[in-house]
Amino acid sequence: MSADSSLLPVIDLRSDTVTRPTPAMLAAMMAAPVGDDVYEEDPTVRRLEEAAAARFGLEAGLFCPSGTMTNQIAIKAHTEPLSEVICEQTAHVYLWEVGGIAFHSGASVALLAGNRGRLTAAQVEAAIRPENIHYPTTRLVSLENTHNRGGGSCYSWDDLVAISEVAKRHGLARHLDGARIFNALVATGQRSEDYGQVFDSISVCLSKGLGAPVGSVLLGSADFIKKTKRIRKVMGGGMRQAGYIAAAGLYALENNVARLADDHRRATRLAETLRQQPYVAEVLNPETNLVIFRLQDSQPAAEFLQGLEQQGIRASSFGPQWIRFVTHLDVDDAGLARVEEALQQVAQLV
Ligand SMILES: *Cc1c(COP(=O)(O)O)cnc(C)c1O
């Protein structure tokens with residue numbers, strides 16, 4: 001097996017960001033009508049922003065280069081210095097955006113410990129600061145669905161409604177980091193159109209499971225998006241003939257959503273295979289396309305990853321002894337079979 005594996009394409013399970021555009025997506029990109037989007041003259045960008053907003057029951061959208069940018073712009077628009085954002089302690093907006101909340105917004109964070117990244121309405125309510133000169137002013141609740149560090153976990157609709165009601169009662173804005181919101185929608189059967197009722201802003205990544213090469217879109221009310229457009233400009237995110245990449249996002253919204261169920265099925269199968277391996281101590285039950293698992297202490301993580309690499313399979317370390325596998329558009333059933341075989345081979349090495 002290892003002798004031949006150099007001839008086989010690499011199976012990259014590090015992230016769902018690694019996908020390459022398909023010929024059909026590239027054709028859609030090449031055919032896109034474009035204009036200067038800083039002058040608001042790019043028809044394809046406008047189509048993408050409008051289509052995404054309509055899908056989530058919101059008025060307007062803002063196309064940006066990355067999900068980090070859409071999240072950080074939203075947080076800046078909802079807060080001001082001396083205010084505070086409530087989020088989970090492993091939230092992407094806090095942990096993996098370079099401390100951007102402090103840098104861009106001068107805001108404080110109230111970090112809560114969730115259940116696989118999910119907060120409850122009671123936790124959120126308890127974290128709201130009372131009026132007191134010593135405290136920052138709580139302004140925003142930021143949730144993540146699916147939750148990345150929680151292993152692709154999904155919120156129930158009831159919990160989203162309950163958190164939204166707490167936020168509204170206390171006058172807080174509600175942001176969703178929906179980098180993988182379509183995975184959550186496909187897994188739970190929730191309706192995207194309802195999300196505009198429980199969030200004031202939503203960030204959606206087009207370059208994760210949806211398979212576009214670049215781009216995220218921030219959604220909200222028309223007034224909110226007008227405000228965020230200036231923030232995008234000061235961050236250097238105003239793009240010109242961006243319709244070429246927006247076309248990939250439109251293509252992804254129209255063609256690559258329902259197939260996420262295949263990624264989820266493959267993630268579940270990988271979790272079952274991992275549970276049978278003697279070197280695996282624990283596997284978080286995959287709810288969507290992320291499989292997070294912990295190796296036995298006797299199995300060094302670096303050696304495990306190297307063993308996989310020798311079989312042409314890439315994965316990422318996710319903390320001491322923790323590994324993450326991500327299924328996506330470029331991993332089919334034949335690829336899955338190769339990963340399963342490699343997991344058995346690695347077992348023989350350890
Ligand atoms: C990937 C991701 C983002 C955005 O990442 P970019 O690489 O900046 O596009 C935001 N939130 C979550 C939960 C993510 O997984």
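Not measured: the values here are computed from a predicted model.

Q: Help me get a handle on the site of the ligand, residues and values and all.
A: The immediate surroundings of the ligand are formed by 13 residues, with G67, T68, D177, R180 and K208 found nearest. The contact in question runs from a nitrogen atom of the ligand to an N or O atom on the side chain of H92, over 3.5 Å. D177 places a side-chain nitrogen or oxygen 2.6 Å from a nitrogen atom of the ligand. Coverage of the ligand by the protein chains reaches 84% of its 380 Å² of free accessible surface. The element that contributes the greatest number of residues to the shell around the ligand is helix α4 (residues 67–78), accounting for 3 residues. Its residues placed into classes, the shell around the ligand shows 2 nonpolar, 6 polar and 5 charged.

Q: Which residues make up the domain arrangement of the protein chain, and what are the values?
A: Taken domain by domain, the protein chain comprises domain 1 (5–19 + 259–349) and domain 2 (32–255). Inter-centroid distance (C-alpha atoms) of domain 1 to domain 2 is 29 Å. At the junction of the two partners, domain 1 supplies 18 residues and domain 2 supplies 23 residues. Both sides of the domain 1 and domain 2 interface together cover about 1700 Å² of buried area, and 52% of this is carbon and sulfur. If you sort the residues of domain 1 by the area they bury against domain 2, L260, E287 and F318 come out on top, with a joint share of 33%. The interface formed by domain 1 and domain 2 contains 2 salt bridges. R118 is the salt-bridge partner of E287, the closest N and O atoms lying 3.1 Å from each other. Of all the elements in the fold, those that place two or more residues in the side of domain 1 that touches domain 2 are α13 (260–275) and β10 (290–295). Ranked by residue count, the leading element in the side of domain 1 that touches domain 2 is α13, at 3 residues.

Thresholds, definitions, all that
Residues numbered from 1 in each chain as written. Predicted model: local features only at pLDDT ≥ 70, side-chain atom pairs only at ≥ 80, totals over all residues. Heavy atoms only, no water. Near = heavy atom within 4 Å. Polar contact = N/O pair within 3.5 Å; in protein donor to acceptor, adjacent residues only side chain to side chain. Areas by Shrake-Rupley, 256 points an atom, 1.4 Å probe, with all protein chains shown as cover. Helix = DSSP H or I, 4+ residues; strand = E, 2+ residues; numbered from the N terminus. Nonpolar A, V, L, I, M, F, W, Y, C, P; charged D, E, K, R; others polar. Domains from an automatic or database assignment. Contact = heavy atoms within 4.5 Å. Buried area = accessible area lost by both parts, 1.4 Å probe. Salt bridge = Lys/Arg side-chain N within 4 Å of Asp/Glu carboxyl O.

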